[in-house]
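Below are the chains, spelled out letter by letter.
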Amino acid sequence: MAEQLIPKRSDYKKLISYQKADVIFQITYFFCSHFIKPGDRTRDQMVQAARSGKQNIVEGCAASLTSAKTEIKLIAVAKASLLELLEDYEDFLKVNSAPQWQPGSVEFEYMKKLGAEHNDAQFFMSLVETRPAATIANMCIILIKQADYLLFKQLKSLEKSFLEHGGFTERMYRLRSNSRPTYPSSPDKKQKTDK
């Protein structure tokens, strides 16, 4: 298939990283609405961090058409936003003297399995609506760690693609160079020699 200047845009909603980020946003919105007091700055910060994680994936995919640099930057911002949110959930458990699920525990391993098998927000919302705050926080911590890993893999894939194919400017140059007509070179004229 011939290279195109503006490639077909990928559907960000099909990205597992986006689906996971959407789940995290919806759970966080519910969590903050029910368990963080209105007026508490943490409430707004957590919702904003969750939203930023999701929206920067969307913006990154949109920017991919013309700027690999911007796409990579925005995916990195999404990753950073979710790690900020992770810290907020861990702080919530600490200040409320609630244990954080550890790898190997029944709760951790079960939630890890659910996170690997499901990316549907409706599925997770049906669970969190009946769980206490500490359980929801632990659930979201595991989902965030899974999303963080997916975004890391996405960044490595974007890095590989950039190194192999370059960015928009290089694509423009290649296509422009390939579209220029080529003319046969004129045969060298025989030089006259004096006898």
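Located above this text is the structure these notes cover.
Residues numbered from 1 in each chain as written. Predicted model: local features only at pLDDT ≥ 70, side-chain atom pairs only at ≥ 80, totals over all residues. Heavy atoms only, no water.

What am I meant to see in the overall build of the protein chain here?
In terms of helices and strands, the protein chain carries seven helices and zero strands. The helix and strand sequence of the protein chain, counted from the amino end, reads α-α-α-α-α-α-α. Per-residue burial for the protein chain yields a buried fraction of 39% across its 195 residues. Sequence-distant contacts, at least 24 apart, represent 77% of the contacts inside the protein chain between residues at least 6 apart. Accessible surface, the protein chain: about 12800 Å² in total, of which carbon and sulfur atoms supply 54%. (Helix = DSSP H or I, 4+ residues; strand = E, 2+ residues; numbered from the N terminus. Buried < 20%, exposed > 50% of the residue type's maximum accessible area, 1.4 Å probe, protein only. Contact = heavy atoms within 4.5 Å. Areas by Shrake-Rupley, 256 points an atom, 1.4 Å probe, with all protein chains shown as cover.)

What's the story with the environment of Gln100 in this structure? I'm lost.
By the secondary structure assignment, Gln100 is in the loop between helix H3 (68–95) and helix H4 (106–117). In this structure Gln100 comes out as partly exposed when scored by relative accessible area, which is 24%. Counting along the chain gives 39 residues from Gln100 to Met139, while the straight-line C-alpha distance between them is 9.8 Å. Leave out the neighbours within four places in its chain, and Gln100 touches Glu90, Leu93, Asn138, Ile141 and Lys145. A distance of 3.4 Å separates polar atoms of two side chains, one belonging to Gln100 and the other to Glu90. (Polar contact = N/O pair within 3.5 Å; in protein donor to acceptor, adjacent residues only side chain to side chain.)

Before we go on, may I ask you to explain the side chain of Ser81 in this structure?
Inspection of the secondary structure puts Ser81 in helix H3. Setting aside residues up to four positions removed in sequence, Ser81 forms contacts with Ala49, Ser52 and Gly53.

Help me understand the layout of surface pockets, please; the structure alone is not making it clear to me.
The method is simple in principle: a probe with the dimensions of a water molecule rolls over the atoms, and the space it marks as empty is what remains. Taken as a whole, the second largest pocket encloses approximately 170 Å³ of empty space. Surrounding the second largest pocket, Trp101, Glu107, Tyr110, Met111, Leu114, Phe123, Leu127, Arg131, Thr135 and Met139 form its lining. Broken down by secondary-structure element, the contributors of at least two residues to the lining of the second largest pocket are H4, helix H5 (121–128) and helix H6 (133–165). Counting residues per element, the lining of the second largest pocket draws most heavily on H4, which supplies four residues. Class assignment for the residues of the lining of the second largest pocket results in seven nonpolar, one polar and two charged. (1 Å grid on protein atoms, 1.4 Å probe; cavity = no way out; pocket = protein on both sides within 12 Å on 5 of 7 lines; lining within 4 Å. Points joined across faces, edges and corners; volume = space filled by probe spheres on them. Nonpolar A, V, L, I, M, F, W, Y, C, P; charged D, E, K, R; others polar.)

Looking at this structure, how should I read the side chain of Gln146?
Relative to the helices and strands, Gln146 resides in helix H6. Setting aside chain neighbours within four positions, we find Gln146 in contact with Lys20, Lys112, Gly115 and Ala116.

I keep staring at the pattern of salt bridges and nothing clicks. Help me out?
Between side chains of opposite charge, a pair can form when the charged atoms approach closely. Summed over all chains, the structure comprises three salt bridges. Residue Glu117 pairs with Lys113 through a salt bridge whose shortest N-O separation is 2.9 Å. Placement of both Glu117 and Lys113 in helix H4 is noted, with a separation of four residues, approximately one turn of the helix. Linking Glu159 and Lys156 is a salt bridge whose minimum nitrogen-to-oxygen distance equals 2.9 Å. Separated by three residues within a single helix, Glu159 and Lys156 lie in helix H6, roughly one turn from each other. We classify Glu159 as partly exposed; its relative accessible area is 37%. Given a relative accessible area of 42%, Lys156 falls into the partly exposed group. (Salt bridge = Lys/Arg side-chain N within 4 Å of Asp/Glu carboxyl O.)

Nothing here speaks to function; it is geometry throughout.
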